[in-house]
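Coordinates in review
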Amino acid sequence: MEKGNAMNKWVKGLLDVRAAQVLERILAVLRDKEKRREWLINYSLYLILLAMIIGVVIEDSSFLSFSNFSKIMAQASTRGILALGVAGMIVYTGTDLSAGRILGCCAAISASLLQSVTYASRMYPSIVEPLPLIVPLLLSIAAAMAFCSLNAFGFAVLKMHPFIISLGTQLIAYGSLCLYIDSQKGGAQPIASLDSRYIEFVNGHINLGFMQLPYLVVYLAVCAAVMWVIWNKTTLGKNMFAIGGNPEAAAVSGVNVTRNIFGVYLVAGALYGIAAFLEAGRVQSVTTNMGLNYDLDAISGCVIGGVSFTGGVGTIPGVLIGVIILQVINYSLYYLGINAYLQYIIKGLIIIMAVAIDVRKYIAKK
Amino acid sequence: MDGNEKLAERLEEVERRERAVEKREKAATAKGLRHNLYEHITCSVGTVDIIIAACAALIVGLTVFGALSGGGR
């Protein structure tokens, strides 16, 4: 009992010290005019988001409910998994414009193999027994990894700019998706009527009493944890940051740049495959539009979350926060009843602003 | 050789090494090994600040305009 009290006192003391340190830092920022200006500019995007949320809450207080939060999280989850893959490439000073279309293509593969066996117009009538879920998942991952290998080859071996090579891959993936959906017996039609096991696996939830936690959020958390370990505790992750920060220095230090780039792209491919499998189950209908602009959402999520285009900078929690912020913005704009076309303009401005803040940090450091 | 001369020599050596690393980095950029998207940005911090402020004003303005003209939910 006495030991417990001492422990409590120690924790309380520690928290007090920490709180005092944070308060002191905030006061220092508030006192110094230049620091205050810097802080305002660097966090302006978050302040706008906060204002947006306050506006939405004034309009409709149900926005802050647990059920709404779990909906936002579920929607952010597949984009979050995609963003975790794209973030690695941005750390390398690259990017991936093909992520969305790769997701679309792999989602079509997953959905077509997991259509209900009782559905007459299914893509593969020869499948009479439901396939184990792991088979389409692995095929989806393999297909995504193949596309990502193409990107890695262009970037690491041919030294092409990642924008160009991933733009090419994007078109290849989109063409493949259209051909695949067109190859159905009844012509181009959405791949729907999915197996109920698949829908339950993706859209199910854990009942926590006060809220329902979607499985999708759990899958995102698992992927994020694995990626955190890869980024922070493995040689691949350490080399990734070294190459992103200064490829010349990394190469001189004996890091195999080409092999590491391939490694990061293959890990991203695995994430795209998982995201595709989950997204097809979430939407429950795959068309040629699947994956459109998902890459831009993933890239902007990364930039908002602090992954810098200068390379060698970024964290997994940052990526997750960025993706969630973007999703909250999407929801806020919807809640405020803003015209869909106007939403595109606002989202575009948000991306430009996030990149401008990143550029500002780079110029100030230089 | 006195202390000052030694120090000057050492400084020169450090500067020479720094120049060599810079040269190698430039060569790496030219070879395509480095794709820093901000490498060629020439505008000042003030200009970027104006861009950030303009974006912020537009986002706020368009959101308010959209919410008012959309009539809310």
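Everything discussed here concerns the structure shown above.
The present account deals with the structure reproduced in this document. Since the model is a prediction, treat every value here as computed from it, not as a measurement. (Residues numbered from 1 in each chain as written. Chains lettered and ligands numbered in written order. Predicted model: local features only at pLDDT ≥ 70, side-chain atom pairs only at ≥ 80, totals over all residues. Heavy atoms only, no water.)

A separate point is the overall build of chain A. Counting its regular elements, chain A contains 15 helices and two strands. Rg of the C-alpha trace for chain A: 23 Å, near the compact-globule value of 21 Å for 366 residues, within the 12% margin. Across its three principal directions, the C-alpha atoms of chain A cover 70 × 55 × 55 Å. Within chain A, the fraction of its 366 residues that count as buried is 48%. (Helix = DSSP H or I, 4+ residues; strand = E, 2+ residues; numbered from the N terminus. Rg over C-alpha atoms; globule rule 2.2 N^0.38 Å. Buried < 20%, exposed > 50% of the residue type's maximum accessible area, 1.4 Å probe, protein only.)

Time to look at the interface of chain B and chain A. Where interface size is given, it is often the accessible area lost as the parts come together that is meant. Taken together, the contact between chain B and chain A spans 31 residues of the former and 46 residues of the latter. Buried area between chain B and chain A, summed over both chains or domains, comes out near 3,400 Å², and the portion from carbon and sulfur atoms is 69%. There are two salt bridges connecting chain B and chain A. Where Arg 37 of chain A meets Asp 49 of chain B, a salt bridge forms, and the shortest distance between an N and an O atom there is 2.9 Å. Applying the counting rule to chain B against chain A returns two residue pairs in polar contact (both at pLDDT 80 or more). (Contact = heavy atoms within 4.5 Å. Buried area = accessible area lost by both parts, 1.4 Å probe. Salt bridge = Lys/Arg side-chain N within 4 Å of Asp/Glu carboxyl O. Polar contact = N/O pair within 3.5 Å; in protein donor to acceptor, adjacent residues only side chain to side chain.)

This part covers the pattern of salt bridges. A full pass over the atoms with the stated rule returns seven salt bridges over all chains. Linking Asp 49 of chain B and Arg 360 of chain A is a salt bridge whose minimum nitrogen-to-oxygen distance equals 2.3 Å. Of this pair, Asp 49 of chain B sits in helix H2 (residues 45-70) while Arg 360 of chain A is found in helix H15 (residues 340-365), placing the two residues in two different chains. Residue classification places Arg 360 of chain A among the buried residues on the basis of a relative accessible area of 2%. A network of salt bridges, in which partner residues are shared, links Arg 37 and Arg 360 of chain A together with Asp 49 of chain B.

The subject of this paragraph is the packing of aromatic side chains. Residues and elements named next belong to chain A. According to the stated counting rule, one finds 11 aromatic pairs over all chains in the structure shown. Seen from their ring centres, Tyr 198 and Phe 277 are 4.9 Å apart, and the 45 degrees between their planes marks the pair as tilted. Linking Tyr 198 in helix H8 (residues 196-203) with Phe 277 in helix H12 (residues 257-283), this pair joins segments that are 79 residues apart in sequence. As far as burial versus exposure is concerned, Tyr 198 and Phe 277 are alike and both buried. Centroid distance Phe 201 to Phe 277: 6.2 Å. Interplanar angle 70 degrees. Geometry classified as edge-to-face. Placement of the pair is Phe 201 in helix H8 and Phe 277 in helix H12, with a sequence separation of 76 residues. By relative accessible area, which is 2% here, Phe 277 ends up buried. Connected via pairs of aromatic rings, a cluster forms that spans Tyr 198, Phe 201, Tyr 215, Tyr 219 and Phe 277. (Phe/Tyr/Trp six-rings, centres within 6.5 Å; stacked < 30°, edge-to-face > 60°.)

Core analysis: the biggest nonpolar cluster contains 116 residues, and Leu 84, Tyr 272, Val 286 and Met 353 of chain A have the highest contact counts within it. Residues in contact with Leu 84 of chain A, not counting those within four places in the same chain, are Leu 220, Cys 223, Ala 224, Met 227, Trp 231, Leu 271, Ile 316, Val 319 and Leu 320 of chain A. (Core = buried A, V, L, I, M, F, W, Y, C linked by side-chain atoms within 4.5 Å.)

Residues and elements named next belong to chain A. Within the secondary structure, Gln 343 sits in helix H15. Take Gln 343: its relative accessible area is 15%, and that puts it in the buried class. A distance of 3.0 Å separates a polar side-chain atom of Gln 343 from the backbone oxygen of Ile 338. Not counting residues up to four positions away in its chain, the partners in contact with Gln 343 are Leu 333, Tyr 334 and Ile 338.

We now examine the packing of helix H2 (residues 33-42) of chain A against helix H3 (residues 44-59) of chain A. All names here are of chain A. It is at 4 Å that the axes of H2 and H3 come closest, and there the two elements cross at 60 degrees. Classified by the interaxial angle, the pair formed by H2 and H3 is oblique. In this structure, H2 contributes Trp 39, Leu 40, Ile 41 and Asn 42 to the contact, and H3 contributes Ser 44, Tyr 46 and Leu 47. When the residues that make up the contact of H2 with H3 are grouped by side-chain class, the tally is five nonpolar, two polar and no charged. (Axes fitted to C-alpha atoms, helices over the stretch in contact; angles between N-to-C directions. Parallel < 35°, antiparallel > 145°, perpendicular 65-115°, else oblique. Nonpolar A, V, L, I, M, F, W, Y, C, P; charged D, E, K, R; others polar.)

The subject of this paragraph is the environment of Ser 149 of chain A. Residues and elements named next belong to chain A. Mapped onto the secondary structure, Ser 149 falls in helix H6 (residues 134-157). Sequence spacing of Ser 149 and Val 264 is 115 residues, and the spatial spacing of their C-alpha atoms is 9.9 Å. Excluding residues within four positions of it along the chain, Ser 149 makes contact with Phe 262 and Leu 266. Within the structure, Ser 149 has its side chain in polar contact with the backbone oxygen of Met 145 (distance 2.7 Å).

This part is about unusual backbone geometry. All names here are of chain A. A positive phi is found at Ser 193, a non-glycine position, where the angle reads about 50 degrees. Judged by its relative accessible area of 33%, Ser 193 falls in the partly exposed class. Of note in this structure, Gln 284 is not a glycine but carries a positive phi near 65 degrees. Inspection of the secondary structure puts Gln 284 in the loop between H12 and helix H13 (294-304). Since its relative accessible area comes to 31%, Gln 284 is described here as partly exposed.

All names here are of chain A. Running from N to C, helix H4 (residues 66-91) and helix H9 (residues 215-233) cross one another at 15 degrees; their axes reach a closest spacing of 8 Å. Taken together, the axis directions place H4 and H9 in an arrangement best described as roughly parallel. Relative to H9, H4 is oriented so that their crossing is left-handed. For the pair H4 and H9, contact is made by Met 73, Ala 74, Ser 77, Thr 78, Gly 80, Ile 81, Leu 84, Ala 87, Gly 88 and Val 91 and by Leu 216, Val 217, Leu 220, Cys 223, Ala 224, Met 227 and Trp 231, respectively. (Left-handed = near helix turned anticlockwise from the far one by under 90°.)

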